[in-house]
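Observations on the model geometry
For reference, the chains in residue letters:
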Amino acid sequence: MNTFSEILNPNFLLRDALVGSVLVGLVCPLVGVYFVLRRMVFLGVALPQVSAAGIACSFLGYRLIMGPHEHGEAGERMIALVGSLGFTLLALLFLAALERSARQSVEVRIGVTYAMAAAATILFLAADPYAEAHLVSILKGDILATTRSSLSLTTTVFGVVVLTLLLFRREFLLVSFDRDMASVLGFRTRLWDTLLYLLIGITISLGVMTAGPVVTFGFLVVPAVTVRLLVRRMLTFSIASAVLGGMTAFVGFACAYRYDLPLGPAEVAIASVVLLLVAGARGAVRLVAGG
């Protein structure tokens with residue numbers, strides 16, 4: 001209890017990092033539910049890696065055009081955000097175009113995207129000896145380095161994303177569940193798909209900038225998969241996933257602070273433990289009921 005009291009204190013030294021962690025835990029599951037609905041869970045692996053490649057590419061481009069970049073400069077986060085968001089949106093548009101052509105399975109397209117992004121990230125870093133050491137910490141997502149200005153930006157953008165998802169949840173749900181029916185009802189499916197992909201891209205880009213690719217993938221998928229085992233209604237599914245993500249992020253932060261553990265992995269580990277407990281309990285109930 002002392003740990004929780006300490007981190008909830010308004011004067012807590014790492015308060016910005018705590019708020020950033022909880023924000024990622026709350027918002028990532030809201031877009032992650034659409035990965036689960038569309039049966040494209042592994043897209044949650046590929047896109048954070050694409051975002052990381054964009055960050056590495058943006059710093060390489062800056063060095064080639066402007067010269068060596070020093071870690072800690074004022075524009076560092078904006079340079080990284082431009083590359084992250086740009087690469088993520090391009091990858092989403094590319095995957096959407098391939099989806100309409102339907103020449104390859106979803107798994108093949110996502111797998112190729114991940115492989116290309118992972119290779120590109122390493123090559124971009126290798127080509128930029130000035131920034132390689134510093135970029136490693138950015139690509140990991142140094143939550144503890146969250147600043148008040150970056151937190152304000154993240155809060156504002158995430159707020160717009162959440163509001164848009166709630167306002168147009170019926171349209172997003174219909175184009176995700178039944179595109180043919182949406183077309184029959186007069187919905188412009190490409191427009192709604194593009195808007196949804198834009199929201200996904202923005203969320204993933206900010207998530208990677210704040211928490212890193214692994215943590216972003218964890219909160220995109222794990223809370224949504226956990227809640228899907230328990231509920232079916234879309235609104236309940238979305239809200240419960242966000243609440244679970246926020247709670248596990250908070251508890252993970254407390255555990256990492258208390259036991260001096262790596263912050264991001266601790267948060268994902270807590271979310272994973274909850275998933276295993278829910279899945280185990282659900283399996284036990286089914287077993288008893290069947291017996």
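See above for the structure.
This is a predicted model, so every value here is computed, not measured.

When helices and strands are tallied, the protein chain shows 13 helices and zero strands. Split into buried and exposed, the 291 residues of the protein chain put 47% on the buried side. Relative to all contacts within the protein chain whose residues are 6 or more apart in sequence, the contacts with residues 24 or more apart total 77%. Carbon together with sulfur atoms contributes 68% to the accessible area of the protein chain, which is approximately 14700 Å² in total.

Here we come to helix α2 (residues 15-37). Look at α2: 34 Å from first C-alpha to last across 23 residues, which is about the 33 Å you get at 1.5 Å a residue. Of all bends in α2, the biggest is about 30 degrees, found at L30. Taken across its 23 residues, α2 has 19 buried, putting it largely inside the fold. With its phi angle positive at about 55 degrees, R39 sits one or two positions after the end of α2.

As a further point, take the packing of α2 against helix α10 (residues 189-211). At a minimum axis distance of 10 Å, the contact between α2 and α10 shows a crossing angle of 145 degrees. As α2 runs across α10, the sense of the crossing is left-handed. Contact residues: α2 offers G20, V24, V27, C28, V31, Y34 and F35, while α10 offers L196, L199, I200, T203, I204, G207, T210 and A211. Among the residues making up the contact of α2 with α10, the classes are represented as eleven nonpolar, four polar and no charged.

What follows is about the nonpolar core. Counting residues in hydrophobic clusters, the biggest one holds 68 residues, and the most contacted among them are Y34, L47, L165, I200 and F237. Among the elements that line this core, the one with the most residues is α2, at 13 residues. Excluding residues within four positions of it along the chain, I200 makes contact with V31, F35, L47 and L92.

Next up on the list: the side chain of T216. Turning to its location among the elements, T216 is positioned in helix α11 (residues 213-228). Excluding anything up to four places from it in sequence, T216 contacts C28, P48, I204, G207 and V208.

Criteria and thresholds
Residues numbered from 1 in each chain as written. Predicted model: local features only at pLDDT ≥ 70, side-chain atom pairs only at ≥ 80, totals over all residues. Heavy atoms only, no water. Helix = DSSP H or I, 4+ residues; strand = E, 2+ residues; numbered from the N terminus. Buried < 20%, exposed > 50% of the residue type's maximum accessible area, 1.4 Å probe, protein only. Contact = heavy atoms within 4.5 Å. Areas by Shrake-Rupley, 256 points an atom, 1.4 Å probe, with all protein chains shown as cover. Expected span 1.5 Å × (residues − 1). Bend = angle between axes of the 7 residues up to and from the residue. Axes fitted to C-alpha atoms, helices over the stretch in contact; angles between N-to-C directions. Left-handed = near helix turned anticlockwise from the far one by under 90°. Nonpolar A, V, L, I, M, F, W, Y, C, P; charged D, E, K, R; others polar. Core = buried A, V, L, I, M, F, W, Y, C linked by side-chain atoms within 4.5 Å.

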